[in-house]
Amino acid sequence: MFAAENGLKGDPRLQAISDAIRVIPHFPKPGIMFQDITTLLLNHKVFKDTVDIFVDRYKDMDISVVAGIEARGFMFGPSIALAIGAKFVPLRKPGKLPGDVISEAYELEYGKDCLEMHIDAVQRGERAVVIDDLVATGGTLSAAIKLLESMEAEVVECACVIGLPEAKGRQSRLNGKPLYILVEPREFEGYC
Amino acid sequence: MDIIGQAFTPHRAQLSGAKTVPETYKRYFHRGISVKTIELPNSTSTTTTARRAEHTNLAAAAGGERDQLTSFEVHMASSTTDAADDRIPRIASTIRVIQDFPKPGIQFQDITTLLLDPRAFKDAIDLFVERYKDQNINVVAGIEARGFIFGPPIALAMGAKFVPMRKPKKLPGEVISEEYSLEYGTDKMEMHVGAVQSGERALVVDDLIATGGTLSAAIRLLERVGVHVVECACVIELPELKGRDRLGDKPLFVLIS
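Residues numbered from 1 in each chain as written. Chains lettered and ligands numbered in written order. Predicted model: local features only at pLDDT ≥ 70, side-chain atom pairs only at ≥ 80, totals over all residues. Heavy atoms only, no water.

Definition in use: UniProt positions are given in the numbering used here, feature names are shortened, and annotations may be inferred rather than shown by experiment.
The name an unreviewed UniProt entry gives chain B is adenine phosphoribosyltransferase, with Coffea arabica as the organism. Reading the Subcellular location (unreviewed entry) entry of the UniProt record for chain B gives the comment "Cytoplasm". Looking at chain B in UniProt, the text filed under Catalytic activity (unreviewed entry) is "AMP + diphosphate = 5-phospho-alpha-D-ribose 1-diphosphate + adenine".

Chain A goes by adenine phosphoribosyltransferase in an unreviewed UniProt entry, where it is assigned to Coffea canephora. The heading Subunit (unreviewed entry) in the UniProt record of chain A holds the text "Homodimer."

So this is what it looks like as structure tokens:
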């Protein structure tokens, strides 16, 4: 669900967040209009507002785990975790986490990839949110949900700054878990 | 500046001064992890520096721990330390050492267990923010990927921008790159053009400094566009790898050495 339809209608912070995102055409390959959040991170007020919106949403929901997806989920997740007093759990590409891990494979457009989590990161019954910068097909988020659920944590919601149109209405791809998104992708408005 | 900060600022005169001071080491076991305390003879307070755990056994939080923990706590309570001294041993005790990762012989310092302790994670961030908040820092540059975990909270707390320093081909816009050497071969670090401006004051953040290769590449990238790198900040230093020397004249601040 989009934030604007879910309590934040007309919130000026959302427009500022959208405006702070830069579109890079044809990255990583032709036809893809890449939503670049690094420009958002350069704007302290907008970055803070982004984190605050997620914190305000989750601070009274008894969340003890914020899981962030490598690598851009790492840029948002820890600040949210710190503000709500939750642990931060990095979900990483294969071979990066040094301890005992569980893995979940997921589909890419061409081929497969894999997401890993330390087995002792979460306990049974913990309530978790999963954070990433952007959701497209939901493949990575689905894998993240499976990892957390396999350790019997409860995934309360997935949250992303940007949600591509394919994510709308695709609840089944997210294993029935709600998806909270701040903004839609920006259009490319020409080179500046 | 607190004592811990002074102990780790590599100004040459201060370093040689520190070496001539006789030090008494006491070893405490906190949750099965060895923590050293340095007592400086002429100070009324105890400076606590946490040493990296040589062996981690989280399962050894057994009977013996209570007595050992008590002696640890009594020691801290009887000192006139400021709050920073209590926070650092606790942060150090949350870091897990994984043997033979990524290859045999390497003892990997795993900070993910620190991130599972909200109080310790918050304390780590607070220690950096306290040090830098009055130093007019405009930019926090974080090195992929664990620098992305510590950098943004520091940047947000200080009103600074966060700039990710990334492996090749990850940043989508126009970049500048800097090559650096690995044990075998080289790698490249990239930063977006326009992320920083000449004259800005920056910190470079990563979880750990080993040889200093990535940190010095980050410093070079920032300096090439006229940024003043004020300091490098890491949670952990591996001093035997002499990364500090590779940073040249740039100071390094670490919580745990």
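A few points about the sheet that holds strand β4 (residues 87-91) of chain A
All names here are of chain A. Operational definition: Only strands that DSSP links by at least two bridges are regarded as paired with each other. Under the scheme used here, helices are H or I runs from DSSP no shorter than 4 residues and strands are E runs no shorter than 2 residues, and both carry numbers assigned from the N terminus. Only C-alpha atoms enter the line fits that serve as axes; for helices the fit covers just the stretch in contact. Angles between N-to-C directions range over 0 to 180 degrees.
Strand order in the open sheet formed by 5 strands is β4-β3-β7-β8-β9, with parallel pairing between adjacent strands. The open sheet terminates on both sides in strands that have one partner only, identified here as β4 and β9 (179-183). The average undirected angle you get between the axes of adjacent strands in this sheet is 25 degrees. Inspection of the sheet shows strand β7 (residues 127-135) paired to strand β8 (residues 154-163) by 8 bridges, in the parallel sense. Its bridge partner lying in β8, aspartate 132 is registered against cysteine 160.

Regarding the UniProt feature "domain: Phosphoribosyltransferase" (unreviewed entry) in chain B
Here, UniProt's "domain: Phosphoribosyltransferase" (unreviewed entry) annotation points to residues 116-251 of chain B. When the span residues 116-251 of chain B is considered, its composition is 32% helix and 32% strand, and the gap between its end C-alpha atoms is 29 Å.

Describing the sheet that holds strand β10 (residues 228-237) of chain B
Residues and elements named next belong to chain B. Filter applied, for reference: Only heavy atoms matter for contacts: two residues are in contact if any of them lie within 4.5 Å across the pair.
Read across the sheet, 5 strands follow the order β6-β5-β9-β10-β11 without closing on themselves; strand pairing throughout is parallel. The open sheet has two edge strands with one neighbour each: β6 (161-165) and β11 (252-256). Looking at each pair of strands side by side, their axes are set apart by 25 degrees on average, direction ignored. Here 8 bridges tie strand β9 (residues 201-209) to β10, and the two strands are oriented parallel to one another. Within the sheet, the bridge partner assigned to leucine 208 lies in β10 and is isoleucine 236. Seen against the sheet, helix α6 (residues 118-132) touches β9, β10 and β11 and runs at an angle of roughly 155 degrees to β10.

Quick look at the interface of chain B and chain A
Worth spelling out the cut-off: By buried area we mean how much accessible surface two parts lose on assembly, using a 1.4 Å probe and totalling the loss over both. Whenever Lys or Arg places a side-chain nitrogen within 4 Å of a carboxyl oxygen from Asp or Glu, that contact is recorded as a salt bridge. Two N or O atoms count as a polar contact when they lie within 3.5 Å, although within protein this holds only if one can serve as hydrogen donor and the other as acceptor, and sequence-adjacent residues are included solely when both atoms are side-chain atoms.
Between chain B and chain A, the contact holds 36 residues from the first and 35 residues from the second. When the buried area of chain B at its contact with chain A is split by residue, B:Leu116, B:Leu156 and B:Pro172 rank highest and sum to 23% of it. In this assembly, chain B and chain A are joined by 1 salt bridge. If you look at where chain B meets chain A, you find 8 residue pairs in polar contact (both at pLDDT 80 or more). Going through the elements one at a time, β3 (96-99), β4 (107-110), α5 (112-115), α6, α7 (147-158) and β6 of chain B are the ones with two or more residues in the side of chain B that touches chain A. Here the element with the most residues in the side of chain B that touches chain A is α7(B); it accounts for 6 residues.

Observations concerning the environment of A:Pro78
Considering the arrangement of structural elements, one finds A:Pro78 in helix α4 (residues 73-84). Along the backbone, A:Pro78 and A:Phe88 are 10 residues apart, and their C-alpha atoms lie at a distance of 5.8 Å. What A:Pro78 contacts, discounting residues up to four positions off in sequence, is A:Gly73, A:Phe88, B:Phe121, B:Ile149 and B:Pro153.

Description of the nonpolar core
Heads up, the rule is: Side-chain atoms within 4.5 Å are what join buried Ala, Val, Leu, Ile, Met, Phe, Trp, Tyr and Cys residues into a set we call a nonpolar core. Three exposure classes are used, based on accessible area relative to the maximum for each residue type with a 1.4 Å probe and protein chains only: buried under 20%, partly exposed in between, and exposed over 50%.
Judged by nonpolar contacts, the single largest core of 75 residues is most densely connected at A:Ile17, A:Leu40, B:Val140, B:Phe150 and B:Leu255. When residues of this core are assigned to their parent elements, the largest contribution, 8 residues, is made by α6(B). With residues near it in sequence (within four places) discarded, A:Leu40 still touches A:Ile17, A:Ala20, A:Ile21, A:Val46, A:Phe47, A:Thr50, A:Phe76 and A:Val161. Counting 28 residues, the second largest nonpolar core, distinct from the first, contains A:Ile102, A:Ala121, A:Leu141 and A:Ala144.

Side note on the packing of aromatic side chains
The criterion, for reference: Aromatic pairs are defined between Phe, Tyr and Trp rings, using the six-membered ring for Trp, whenever the two ring centres lie within 6.5 Å; interplanar angles under 30 degrees are classed as stacked, those over 60 as edge-to-face, and all others as tilted.
All chains considered together, the criterion is met by 9 aromatic pairs over all chains. Ring geometry for A:Phe54 against A:Tyr180: centres 6.4 Å apart, planes inclined by 75 degrees, an arrangement best described as edge-to-face. Taken together, the positions of A:Phe54 in helix α3 (residues 44-58) and A:Tyr180 in strand β9 put the pair 126 residues apart, joining distant regions of the chain. A:Tyr180 carries the same exposure label as A:Phe54, and that label is buried. Measuring from centroid to centroid gives 6.1 Å for B:Phe148 and B:Phe162, while their planes differ by 90 degrees, and the two rings are edge-to-face. Of this pair, B:Phe148 sits in helix α7 while B:Phe162 sits in strand β6, and the two are 14 residues apart along the sequence. For B:Phe148, a relative accessible area of 0% translates into the label buried. An aromatic cluster is defined as three or more aromatic residues linked by ring pairs; in this entry it consists of B:Phe128, B:Tyr132 and B:Phe253.

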